[in-house]
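Listed below, chain by chain, are the residues.
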Amino acid sequence: MVRIMKLLTRDERPPGEEPVSDLVPELEVSRAKRVRVLLAAACSPLLFSFTAIAAVLAMVSFAADRSRFSATGAVLAAGPGWLASWQVELDLGGHPLGVLPLLPTLLVGWLVARAAARAARRCGGRTPADAVPVVTVIAGAHALFGVLVALLAGGSPVDVNPLTAFCVPGLLSGLAAIAGVAKVCGLPAAVRDRFDPVAVQGLKAGALGLAALIACGAVVFTAATALSWSTVDRLFEPGFGASFGLFVLSVAYLPNAVVAALSFTTGPGFSVGSLTVGMFGYQEGQLPGVPVLAGIPSQHAVWWPALLVLPALVGALVGWRIRAIDEDPMLRMRAVAVAGALVAFGCVILGTLSGGRLGDGPFDPVSVPVGVASVIAFCWIVVPGGFVAFFAGAHEAPEPPGEPEVEEDLVEPEEDEPAEEETEAEAEESAEDVDEAPAEEEPEPEPEAESEPEPEPDGAVDDAVTESTEGSGDESAPGDDR
């Protein structure tokens, strides 16, 4: 037995070569290194964004024609500027400033997401539980820094609510960190395992639809700005300093303008103070002299409703994306509804972040009707998307119509007589075959089992018994001499 076990467990590798396991154990990260990585992930995007904002403010201040450059002033102004990049409403000398640029928000969010992903990889994160400390540390650091800036700004011309400075940067940075660690820590796989597959497909299609609507808004804004290029050129002042400041301001507010163009393309429109621009309505008003707003038309045009083809095509695109997820049309319609809900929610978020208070003057407030815009965006996705998903997708083939059992029962008695006629015809054919067969092969007639034997005379019976007795006696002793 021992010899057999040695043969079964014999190693076929050449001598001197050690076995290598397929599962290489991962090295554990020490606690000190983990703390170091988390602190770097929390502080590096924070310090980098603060420095970048201070540098931009210093450049604008230095390039201005009639201003005195001060490095200390640029650093002090970088604190409220950092809060503005995280969409924290400011108070400038008693005048609220809530219309904050979205481009700095996207940039600082990208920095946080990148730092979070790098920290998760260095800490060996593989599960959703490993993402919790990374997200918590980053969100906490930004929330605390926001409170610190709000407290230091007290008594200056710029006033900030400490509670808002704590909650908004912490919330937005936490969401950016979650987006960064999602792929590293397997959050998409966890979502797919816990959610309905149809809902997951609907969320993917909804993200595609929201991106397509944003692209439509960007196309409309670009076309309107290009057609109004003379106005854009006139708004830039001859001096380099003022023009540079207007250029930086316009670039920072580009995402806000794209969101306003998106709302206009889908139908609800937007408003700047008393000015209201909608697909089916227009109300005149004053506009600030900023080049990013040069594409806003001065009067209503009859051809504007033709732009509604763009959101209809986006809805059809969503339906085309969903058409092949399942053969059941009702499941596809449910996925379309999920996609429409995601697009509506995204429009609410974008409209809320792109608008707000703009002092107390004639340009206050800048707003997008988020309620109406979300409902209309939902309809633009569900109606054409549902139509395409329902009719362009696969459908189950209908079952072939079969005869009911009741009809078969009614037909059976009618087929009895033809069946008997066929049986008699087959019997006649078999009899003819038997007659045509040769006489030698004719089978012997079977004895009739039911016929009773005829009675024999008594004498014949006695003679048969005597003969059988004598024959048995002769056969039992042939040639016996006794």
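Refer to the structure above for everything that follows.
All figures in this text were calculated on a predicted structure; none of them were measured in a lab.

Draft legend 1. Spatial organisation of the overall build of the protein. Looking only at helices and strands, the protein features 17 helices and seven strands. For the protein, the proportion of its 482 residues judged to be buried stands at 33%. A total accessible area of about 30,700 Å² is found for the protein, and carbon and sulfur atoms account for 63% of it.

Draft legend 2. Quick look at the side chain of Ser173. Examined against the element boundaries, Ser173 turns out to sit in helix H6 (residues 162-181). If sequence neighbours within four positions are ignored, Ser173 has contacts with Trp86, Val112, Ile138, Ala139 and His142.

Draft legend 3. Quick look at the pattern of salt bridges. Here the structure, examined in full by the defined rule, presents three salt bridges. One salt bridge connects Asp196 with Arg334, and the closest N-O pair in it is separated by 2.3 Å. A residue pair is termed long-range when its members are at least 10 positions apart, and Asp196 in the loop between helix H7 (187-194) and helix H8 (197-227) and Arg334 in helix H13 (residues 329-354) qualify at 138 residues. Look at Asp196 and you get partly exposed, because its relative accessible area is 31%.

Draft legend 4. Just a positive patch on the surface, in detail. Taken together, the side chains of Lys33, Arg36, Arg114, Arg118, Arg121 and Arg122 define a basic patch exposed on the protein surface. Of all the elements in the fold, those that place two or more residues in the positive patch are helix H2 (31-63) and helix H4 (103-122).

Draft legend 5. Quick peek at a nonpolar patch on the surface. Among the surface-exposed residues, Leu171, Leu175 and Ile178 lie close enough to one another that they form a single nonpolar patch of about 280 Å² accessible area. For Leu171, the location among the structural elements is in helix H6. Given a relative accessible area of 54%, Leu171 falls into the exposed group.

Draft legend 6. Quick look at the packing of helix H5 (residues 131-152) against H6. Two numbers describe how H5 lies on H6: the axes approach to 7 Å, and their chain directions differ by 155 degrees. By the criterion of interaxial angle, the relationship of H5 to H6 is roughly antiparallel. Once H5 is placed against H6, the crossing between them reads as right-handed. Mapping the contact onto sequence places Ala131, Val134, Val135, Ile138, Ala139, His142, Ala143, Leu144, Gly146, Val147 and Ala150 in H5 and Pro162, Ala165, Phe166, Pro169, Gly170, Ser173, Gly174, Ala177, Ile178 and Val181 in H6. Residue classes in the contact of H5 with H6 are distributed as 16 nonpolar, five polar and no charged.

Draft legend 7. Summary view of the sheet that holds strand E4 (residues 270-272). Read from one edge of the open sheet, four strands run E6-E5-E4-E7, paired in antiparallel fashion. In this open sheet, the two edge strands, each paired with only one partner strand, are strand E6 (282-283) and strand E7 (366-367). Note: strand E5 (residues 275-277) against E6, two bridges, orientation antiparallel. What sits directly across from Val277, in E6, is Tyr282.

Draft legend 8. Layout of the sheet that holds strand E2 (residues 95-97). In spatial order, the strands read E2-E1-E3; together these three strands make up an open sheet with antiparallel pairing. On the outer flanks of this sheet lie E2 and strand E3 (158-159), each paired with one strand and no other. Here two bridges tie strand E1 (residues 90-92) to E3, and the two strands are oriented antiparallel to one another. The residue bridging Asp91 from the neighbouring strand is Asp159, located in E3.

Draft legend 9. Representation of the side chain of Thr265 in the model. Position of Thr265 relative to the elements: it lies in helix H11 (residues 254-266). A distance of 2.7 Å separates a polar atom in the side chain of Thr265 from the backbone oxygen of Ala261. Setting aside residues no more than four positions away along its own chain, Thr265 makes contact with Val220, Met279, Leu307, Leu308, Leu310 and Pro311.

What counts and how
Residues numbered from 1 in each chain as written. Predicted model: local features only at pLDDT ≥ 70, side-chain atom pairs only at ≥ 80, totals over all residues. Heavy atoms only, no water. Helix = DSSP H or I, 4+ residues; strand = E, 2+ residues; numbered from the N terminus. Buried < 20%, exposed > 50% of the residue type's maximum accessible area, 1.4 Å probe, protein only. Areas by Shrake-Rupley, 256 points an atom, 1.4 Å probe, with all protein chains shown as cover. Contact = heavy atoms within 4.5 Å. Salt bridge = Lys/Arg side-chain N within 4 Å of Asp/Glu carboxyl O. Patch = residues over 30% accessible without salt bridge, like charges linked within 9 Å, V, L, I, M, F, W, Y side chains within 5 Å. Lys, Arg positive; Asp, Glu negative; His and termini not counted. Charge placed at Lys NZ, Arg CZ, Asp CG, Glu CD. Axes fitted to C-alpha atoms, helices over the stretch in contact; angles between N-to-C directions. Parallel < 35°, antiparallel > 145°, perpendicular 65-115°, else oblique. Left-handed = near helix turned anticlockwise from the far one by under 90°. Nonpolar A, V, L, I, M, F, W, Y, C, P; charged D, E, K, R; others polar. Pairing = 2+ DSSP bridges. Polar contact = N/O pair within 3.5 Å; in protein donor to acceptor, adjacent residues only side chain to side chain.

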